[in-house]
Amino acid sequence: GESVGLHLPTLSVQEGDNSIINCAYSNSASDYFIWYKQESGKGPQFIIDIRSNMDKRQGQRVTVLLNKTVKHLSLQIAATQPGDSAVYFCAERGPLTGGGNKLTFGTGTQLKVEL
Amino acid sequence: DGGITQSPKYLFRKEGQNVTLSCEQNLNHDAMYWYRQDPGQGLRLIYYSQIVNDFQKGDIAEGYSVSREKKESFPLTVTSAQKNPTAFYLCASSTTSGILNEQFFGPGTRLTVL
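A quick note: this is a predicted structure, and the numbers were derived from the prediction, not measured. (Residues numbered from 1 in each chain as written. Chains lettered and ligands numbered in written order. Predicted model: local features only at pLDDT ≥ 70, side-chain atom pairs only at ≥ 80, totals over all residues. Heavy atoms only, no water.)

Brief notes about unusual backbone geometry
Right, so step 1: In this structure, P8(B) follows S7(B) across a cis peptide bond, with omega equal to -10 degrees.
Right, so step 2: Relative to the helices and strands, P8(B) is located in the loop between β1 (4–7) and β2 (10–13).
Right, so step 3: The phi torsion at K71(A) lies on the positive side, around 50 degrees, for a residue other than glycine.
Right, so step 4: Counting through the fold element by element, K71(A) comes out in the loop between β7 (62–67) and β8 (72–77).
Right, so step 5: Unlike most non-glycine residues, N28(B) shows phi in positive territory, near 60 degrees.
Right, so step 6: Secondary-structure assignment places N28(B) in the loop between β3 (19–25) and β4 (31–37). (Helix = DSSP H or I, 4+ residues; strand = E, 2+ residues; numbered from the N terminus.)

Here it is in structure tokens:
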């Protein structure tokens, strides 16, 4: 079946450094991707999204890169701060049987920011 | 404030009991979803609803039931038939129109079976 996975389960970075979180996806028909941030005991929060017709999209301190050739997605966080410590999930959108869309989530990467 | 609320935050249940988790949204979204999250794992889809009075099974629907009598509400019942119900349950909603259908999540309910 189709799957979304992450290369690194845990990423430790120094405060102020840039972070890069990677994600591999297998469904070449996926047309939309989202990065979510989940803090302990809370629901996921939207960070940034990207459509499949784009290679790069920037937000505030975050950038998402999409490489459709190798089916790879990455999230870059600039000047990582202690408040960025969380689990980050990528999700890809595919069709639902009854119509509409379904998000398939990866297992997540734990980002730890060291002072 | 617009958003999704889930209650209760923590829920304890004895084996053999059914329990219902609440999910309410005031975002005027047509679609609502229930996910289950286990430690160190991603989210798995239990049930979803695209419109009022209609819902569909997700990937792990066995042992669960839902209803969608109102647009704002999508309660999930964890039945005694669910063999391993202890988990973190997340509700989400989204629009169904347009190209981008970001899902907004509630704060979650942590269910523990004693």
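Let us keep going from here.
Examining the pattern of salt bridges
Residues and elements named next belong to chain A.
Right, so step 1: Applying the stated criterion across every chain, the model contains nine salt bridges over all chains.
Right, so step 2: Notably, a salt bridge pairs D49 with R57, separated by 2.3 Å at the nearest N-O pair.
Right, so step 3: With relative accessibility at 7%, the residue D49 sits in the buried group.
Right, so step 4: Overall, R57 belongs to the partly exposed group, its relative accessible area being 34%.
Right, so step 5: Among the ionic contacts, a cluster of salt bridges with common partners joins K37, E39 and K42. (Salt bridge = Lys/Arg side-chain N within 4 Å of Asp/Glu carboxyl O. Buried < 20%, exposed > 50% of the residue type's maximum accessible area, 1.4 Å probe, protein only.)

Quick word on the environment of N27(A)
Residues and elements named next belong to chain A.
Right, so step 1: The topology assignment puts N27 in the loop between β3 (19–25) and β4 (32–38).
Right, so step 2: The exposure class of N27 is buried, given its relative accessible area of 15%.
Right, so step 3: Distance in space between the C-alpha atoms of N27 and G94 is 8.2 Å, their sequence separation being 67 residues.
Right, so step 4: Within the local environment of N27, its side chain forms a polar contact with the backbone nitrogen of A29, the two atoms lying 2.9 Å apart. (Polar contact = N/O pair within 3.5 Å; in protein donor to acceptor, adjacent residues only side chain to side chain.)

Some remarks on the interface of chain A and chain B
Right, so step 1: Each side of the interface is counted separately: chain A has 24 residues, and chain B has 23 residues.
Right, so step 2: Summed over the shared surface of chain A and chain B, the number is zero salt bridges.
Right, so step 3: Our count for the chain A to chain B interface comes out at two residue pairs in polar contact (both at pLDDT 80 or more).
Right, so step 4: Looking at the side of chain A that touches chain B, the elements that each hand over two or more residues are β4, β5 (45–51), β9 (86–95) and β10 (101–105) of chain A.
Right, so step 5: Looking at the side of chain A that touches chain B, its residues break down into nine nonpolar, 10 polar and five charged. (Contact = heavy atoms within 4.5 Å. Nonpolar A, V, L, I, M, F, W, Y, C, P; charged D, E, K, R; others polar.)

Quick look at the side chain of Q82(B)
Right, so step 1: Position of Q82(B) among the secondary structure elements: in the loop between β8 (76–78) and β9 (87–94).
Right, so step 2: On the accessibility criterion, Q82(B) (11% relative accessible area) is buried.

Quick word on the sheet that holds β8(B)
All names here are of chain B.
Right, so step 1: Taken in spatial order, the four strands line up as β1-β3-β8-β7 in an open sheet, and their pairing is antiparallel. Both edges of this open sheet fall to β1 and β7 (64–66), since each of them pairs with a single strand only. Going from strand to strand, the sheet's axes swing by 20 degrees on average, the running direction of each strand aside.
Right, so step 2: Here three bridges tie β7 to β8, and the two strands are oriented antiparallel to one another. Directly across from Y64, in β8, lies its bridge partner V78. (Pairing = 2+ DSSP bridges. Axes fitted to C-alpha atoms, helices over the stretch in contact; angles between N-to-C directions.)

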